[in-house]
Amino acid sequence: MSGNPTSREESFLVTGGTRLAGEVSVAGAKNSVLKLMAVALMAEGRTTLTNCPDISDVPAMAEVLRHLGCVVEISGDTVVIDTPADVGHVADDKAAQRLRASVCILGPLVGRFHRAVLSMPGGDAIGSRPLNWHQNGLNALGATTRMDHGRLVAEATELRGAGYKLSFPSVGATETFVTAAVLAKGTSVLENAAREPEIVDICELLTEMGAKITGAGSSTITIEGVDELHPVSHRVVGDRIVAATWAMGAVMTRGDVKVTGIDPMFIHVVLEKLRGVGAEVETGADWFQVSQQGRPRARNVRTLPFPGFPTDLQPMAIALASVSDGLSVVTENLFEARFRFVEEMVRMGVDAETDGHHAKIRGRERLDSATVWASDIRAGAGLVLAGMCADNVTEVCEIFHIDRGYSDFIGNVRSLGGQIERVDTHR
Ligand code: EPU
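Source: prediction; values computed, not measured.

**Q** Describe the packing of aromatic side chains, naming the residues involved and giving the relevant values.
**A** Inspection of the entire model under this criterion finds six aromatic pairs. Centroid distance Tyr406 to Phe409: 5.3 Å. Interplanar angle 80°. Geometry classified as edge-to-face. Through pairs of rings, three or more aromatic residues link up here, namely Phe12, Trp246, Tyr406 and Phe409. Lying across the ring of Trp287, Lys258 places its NZ or CZ 4.7 Å from the centre.

**Q** Which residues make up the nonpolar core, and what are the values?
**A** Met37, Ile105, Val182, Leu206 and Leu229 are the most contacted members of the largest nonpolar core, which totals 75 residues. Apart from residues no more than four positions distant in its own chain, Leu206 is found in contact with Val39, Met42, Val178, Thr179, Val182, Ala211, Ile213 and Leu229. In this structure, Ala279, Val323, Ala390 and Ile399 belong to the second largest nonpolar core, which totals 70 residues.

**Q** Would you mind going over the packing of helix α8 (residues 240-252) against helix α12 (residues 377-387) in detail, with residue names and values included?
**A** Running from amino to carboxyl end, α8 crosses α12 at an angle of 20°, the nearest separation of the two axes being 10 Å. Classified by the angle their axes make, α8 and α12 are roughly parallel. Once α8 is placed against α12, the crossing between them reads as right-handed. Of the residues in α12, those touching α8 at Ile241, Thr245, Met248, Gly249 and Met252 are Arg378, Ala381, Leu385 and Ala386. Broken down by class, the residue content of the contact of α8 with α12 amounts to six nonpolar, two polar and one charged.

**Q** Account for the environment of Glu10, with residues named and values stated.
**A** Among the secondary structure elements, Glu10 is positioned in strand β1 (residues 10-15). For Glu10, a relative accessible area of 17% translates into the label buried. For the pair Glu10 and Cys397, spaced 387 residues apart in the sequence, the C-alpha separation amounts to 6.7 Å. Look past the residues within four positions of Glu10 in its chain and what remains in contact with it is Cys397, Glu398, Ile399, Arg422, Val423 and Asp424.

Parameters at a glance
- Residues numbered from 1 in each chain as written.
- Predicted model: local features only at pLDDT ≥ 70, side-chain atom pairs only at ≥ 80, totals over all residues.
- Heavy atoms only, no water.
- Phe/Tyr/Trp six-rings, centres within 6.5 Å; stacked < 30°, edge-to-face > 60°.
- Lys NZ or Arg CZ within 6 Å of the ring centre and 35° of its normal.
- Core = buried A, V, L, I, M, F, W, Y, C linked by side-chain atoms within 4.5 Å.
- Buried < 20%, exposed > 50% of the residue type's maximum accessible area, 1.4 Å probe, protein only.
- Contact = heavy atoms within 4.5 Å.
- Axes fitted to C-alpha atoms, helices over the stretch in contact; angles between N-to-C directions.
- Helix = DSSP H or I, 4+ residues; strand = E, 2+ residues; numbered from the N terminus.
- Parallel < 35°, antiparallel > 145°, perpendicular 65-115°, else oblique.
- Left-handed = near helix turned anticlockwise from the far one by under 90°.
- Nonpolar A, V, L, I, M, F, W, Y, C, P; charged D, E, K, R; others polar.

Here it is, written out as C-alpha cells:
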C-alpha cells in the first residue's frame, strides 16, 4: 500500500475517444475502512481488517492511530491494528489534519477513555464541514465539549445512555454517537440516523466485537451499552462510489462494464438513473453490468442522503450531463462548493451555469480537451471520465486527490481500455 502521498505536481493525461469495456472488481470502501480503523481503538488487542483499499488515506489514518500508541501493519489488502490497554487521547495535529476522516476517532476515544482532543478540521474544497452535531450527540450522552485553541476537547466522567435526534442524517455525527454510546451505561436511541451501507458496516464490526446494536441501516438505531469490546477480524464492505464511477464511465463512453465485489442495491438509485438515460443494466448478488448504446439522454439528478443519489457522485452526474442529449438540472443538497466542478466542465466547452443549489448543463456530443484541476477525490474521477469523452488529450492536475480514494485508479481505467498515463509536470 502506498505510504507516501502522490506529489502535488502529478497529473493524468487522458486521451479521449476510447470506450470503457470489460470487468473490474472494487475493493473495500474508503468511507468504511477509515472508520473501522478508528473503531479498533475501542478494544485492546489485534483487530484485523481485510479487503482494504490501496489508497493514500489508509496509511494517513494509520499515522493518526500510531500517534495514539497503536501498532499498525499494512500488508496487501490487510490492515492489522494492535491497540494497547491504554492509548493516548490527544490526536497529533499534523497527522490528524492530513485527512478529515480523523474526526472518526472522536466517538471511539470518548466512548472508551472518556476524553479526546482533536485538532478541529477546517472546511475543505467541497464546502464547510462543522462538527456541531457530533458535539451535540456527545453532550447528550453526558460529555462536555468545547473548543480550545483550535482543538475540539471532549470529556466525560461517565457516559449514560440517552436519546438524541439528528436534525439531518449526518454520516459522521451518526458514527460519533453510535461509537460513543456502545460503551455507555444504559440504552441509547439515535433518531434520524444516517442509513449508508458504511454505517451498517461499522455497526456490524462493533456487533462482532460485542456491542449490542439494532436498527443499523434504518433511521432509528438503538444501542444497549456493554462493558467492553474484544478485537475481531472483519471484511470491509465494497466501495459503492468507486463501483458507480465505473458504471457512469461506461454510459458516458457508450461502453459495457461489469463491476464485481459490490451489492448493486447499494447504488440502486444510481442504476435506475442510468436506466433512465438509456443504459441496459443487469444485476446479480454481488455484481452488476452496465452497457450503453448511442448518446445518453439528459436527466435531472438531485443529491440526497442514502438511499438517495450520493453527493459523492455529483461530479460524475455533471460529467454525464455534459455529454447527454438535452438539458439536465443537477441539484446539490449536501456540499454547496462541489459545484466548482462545473467551472472545469466549462473549460471543456460545456454550456453550464449554476444558480444556488442548482446546476444547468446542456450536453455536447464531444467535449473539448483542456487542462483541468481536480479539487477533491470525486471531482478528479469525474474529470477523468470527461477526458475520455473529449476530442484530444486532457490533462487532469492535482491527482493526489484521486489517490486518496481510488485503489489503482490508472490500472483499473487501463484494464477497461481507457488511455491514461501519469506524468510529473514538475520534471
Ligand atoms: N453537517 C453539519 N454539522 C455536523 C455534521 C455535518 O452541519 O456536525 C452537515 C455537513 O456540513 C453537510 C451535511 O451535514 O452539509 C452532511 O454531512 P455528513 O456529516 O453526512 O458528511 P461527513 O460524515 O462529513 C461523509 C463522507 C463524505 C460524503 C458525506 C455524505 C467520510 C469520511 N466522508 O462525510 O465523503 O460526501 O459523508 O455522504 O465518510 C468523499 O468520500 O469524497 C466524501 C467527501
